[in-house]
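# Chains, contacts and geometry: an overview
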Amino acid sequence: MSATSSVTAKSSATYDVVVVGAGFAGMYMLHRLRGQGMTARVFEQGSGVGGTWYWNRYPGARCDVESMQYSYSFSEELQQEWDWSERYAPQPEILKYANHVADRFDLRKDIQFDTRVESAVFDEVTNLWSVTTSDGKTVTAKFVVLATGCLSNARMPDIKGLDQFKGKVYHTGHWPHEAVDFTGQRVAVIGTGSSGIQSVPVIAEQASHLTVFQRTANFSIPARNAPLTDAERKKFRDNYPEIRRFAREVARNGIYTEMPDRGALDDGDNERRAKYEARWQRGGLTFMSVYNNLGLDKAANDTAADFVREKIAEIVKDPRTARALQPNDHPIGSKRICIDTDYFATFNRPNVTLVDIKSNPIEEITENAVRVAGKDYEVDALVLATGFDAMTGSVAKIDMKGRGGQTLNQKWAAGPRTYLGLMSAGFPNLFVITGPGSPSVLSNMIVSIEQHVDWIADCLAYMRERGLDTMEASADAEDKWVDHVNEVAAATLYPQANSWYMGANVPGKPRIFMPYIGGVGPYRKICDEVAAKGYEGFVMGAGGSATQGRGVISRGIVTLLPSW
Ligand code: N01
């Protein structure tokens, strides 16, 4: 990271940092690296920026975190100048915002689009990574940052006969760029997670008939989306310093909202019901923050789950359909809670049918139908809302080789292992943004992305100031962190669900609760303390000699688990 590196680096295709992915994480990482005078190359497999918002173009796609909070905070000008149109921004608007950021900060010149990173190999002699891309070229870099996203590896379901289907097949996570019009068509949606629940009401308005194939009924809360008024935008803008501080330091999930001060069973039935009703009317993710123990205590959780089940029964007119739509096999919130616009009411439409495939799984897909229990549901188009190989899927697609030629896939065969979700022992100078072992998908992603990017950028500056050229997690710190992540997860209701958080949606994937559930505020504090103690738990080196940060992280951090 010498002052001249930017000139020499480009001609020899050696960079200080290679960043993989130009979503929200990769873009901000590039901006910070540039600001520190480092040379960086970003490789992005899509043809544009935006990551998840570039790929997920399905009907009804919008963010489930409110727009004024699902936005970068690193630039005061940016957050003051951008006008969000709705409470929850639709996908095209978020993509427009990503493009605006890329233009405003002149990011594109260092991003190579339409290029996949195929492999990255660490050379223990030179301490450099060799990064090979899908165009057959190899570049070298001192550091590699994986900004590959947690939900970017769309998963095709293993359903017999899928390849025989003669109509169009769409995956919500890999939607075509041209408009898809289902007018007059018979459409099947398979999958009822967030993507299915958002797309079903919109597709139902177009299709001549929509059949929804549901394996697991899901909890969903009304979004209550609406246009934002100038006054609402101004209120946020005027209060951004406090809103952003709260989201970073206090909130468990990186969202500015009231913090609950009591448990669900501390209130009587009427009071509790009134509180749930108020949040249901308000809409959005904060339904789960009415009380501080909904994720911890099953009896408390049941009160919220019962409330939502009753709402479903009120909305859906056909009692059999209502019963099938009522989730009863996992605590509310233990799978990512969904936010919808008219999802349950859509099943009252005459052109919509629900098929429960829990007891009778799909037997096969034929040329023109989905067959369940011997009955053929004829369709013209299939929409697979079947989710992602989450958190590790995109990393696993890159052949990463660290010390001793060990691959990251070998190391993570029994589940991902990281220290702070940022680095994995044996893989020097390789950072992961919002990786497994960090709050990532349990939080407002942009808050977590900015925290990781800032931490990594500060760390690289620290190393440069001290002439250090290698850094990696110590095995001891990593073991303790993994134990801590598991211990905290085990204290909650989350592991009780067969969720993608647990890797349960991918046959054969190890069942490990992957994100860190201690909360973004406490997690940030831990990361800051680690940095303040000279990157405690990391081993740093210069010219072959290595020093260990002072000690490893203490088990005492478990006491930072907030009561939520
Ligand atoms: O995927 P999912 P998603 N046969 O894994 C079913 C984020 N996101 O794309 O539950 C039949 O949640 C599967 O059934 P089951 C958000 O974090 C955010 O919807 O495994 N069914 C499930 O119903 C979200 O959590 C936003 O039994 C099969 C569904 O497919 C995450 O992305 C919007 C099947 C998959 O649900 C993933 O959401 C969209 C099979 N073989 C997504 N395989 C917002 O910001 C799977 N299923 C609003």
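Here, the structure is the one placed above.
Since the structure is predicted, the reported quantities are computational estimates derived from the model, not experimental observations.

## Section: the site of the ligand
Lining the immediate environment of the ligand, one finds 25 residues, of which Thr192, Ser195, Arg215, Thr216 and Lys335 sit closest. Within the backbone of Asp64, a nitrogen or oxygen atom sits 3.2 Å from an oxygen atom of the ligand. Here Trp500 contributes a side-chain N or O atom positioned 3.0 Å from an oxygen atom of the ligand. In terms of residue count, helix H6 (residues 194-206) provides more of the shell around the ligand than any other element does, three residues in total. Partitioning the shell around the ligand into residue classes produces 10 nonpolar, nine polar and six charged.

## Let's talk about the sheet that holds strand S9 (residues 209-214)
The parallel open sheet is built from five strands, whose spatial order is S7-S16-S8-S9-S12. The open sheet has two edge strands, strand S7 (168-171) and strand S12 (352-356), and neither has a second partner. Adjacent strand axes in the sheet meet at a mean angle of 20°, parallel and antiparallel pairs treated alike. Of the strand pairs in this sheet, strand S8 (residues 186-190) and strand S16 (residues 381-384) are connected by four bridges, and their pairing is parallel. Within S16, the position partnered with Ile190 by the bridge is Leu384.

## Re the nonpolar core
In terms of nonpolar packing, the biggest core is built from 135 residues, with Leu420, Phe431, Trp455, Met471 and Phe538 touching the most fellow members. When residues in this core are grouped by element, the largest group, 10 residues, is from helix H15 (residues 445-466). Counting 21 residues, the second largest nonpolar core, distinct from the first, contains Val117, Ala120, Val139 and Leu146.

## Topic: the sheet that holds strand S13 (residues 362-365)
Read from one edge of the open sheet, three strands run S13-S14-S15, paired in antiparallel fashion. Pairing within the sheet leaves two strands with one partner each, and these edge strands are S13 and strand S15 (375-378). Neighbour to neighbour, the strand axes of the sheet diverge by 25° on average, direction disregarded. Where strand S14 (residues 369-372) meets S15, four bridges bridge the pair, whose relative direction is antiparallel. Paired with Arg371 across the bridge in S15 is Asp376.

## Points about the packing of helix H9 (residues 269-282) against helix H10 (residues 298-315)
Contact geometry of H9 with H10 gives a least axis separation of 11 Å together with a crossing angle of 60°. Viewed along their axes, H9 and H10 adopt a mutual orientation that is oblique. At the point where H9 passes H10, the crossing takes the right-handed sense. Contact residues: Arg272, Arg273, Tyr276, Glu277 and Trp280 in H9; Ala300, Thr303, Ala304, Phe307, Val308, Glu310, Lys311, Glu314 and Ile315 in H10. Split by residue class, the contact of H9 with H10 holds seven nonpolar, one polar and six charged.

Each value, and the rule that gives it
Residues numbered from 1 in each chain as written. Predicted model: local features only at pLDDT ≥ 70, side-chain atom pairs only at ≥ 80, totals over all residues. Heavy atoms only, no water. Near = heavy atom within 4 Å. Polar contact = N/O pair within 3.5 Å; in protein donor to acceptor, adjacent residues only side chain to side chain. Helix = DSSP H or I, 4+ residues; strand = E, 2+ residues; numbered from the N terminus. Nonpolar A, V, L, I, M, F, W, Y, C, P; charged D, E, K, R; others polar. Pairing = 2+ DSSP bridges. Axes fitted to C-alpha atoms, helices over the stretch in contact; angles between N-to-C directions. Core = buried A, V, L, I, M, F, W, Y, C linked by side-chain atoms within 4.5 Å. Buried < 20%, exposed > 50% of the residue type's maximum accessible area, 1.4 Å probe, protein only. Parallel < 35°, antiparallel > 145°, perpendicular 65-115°, else oblique. Left-handed = near helix turned anticlockwise from the far one by under 90°. Contact = heavy atoms within 4.5 Å.

Purely geometric stuff here, so don't read any function into it on its own.
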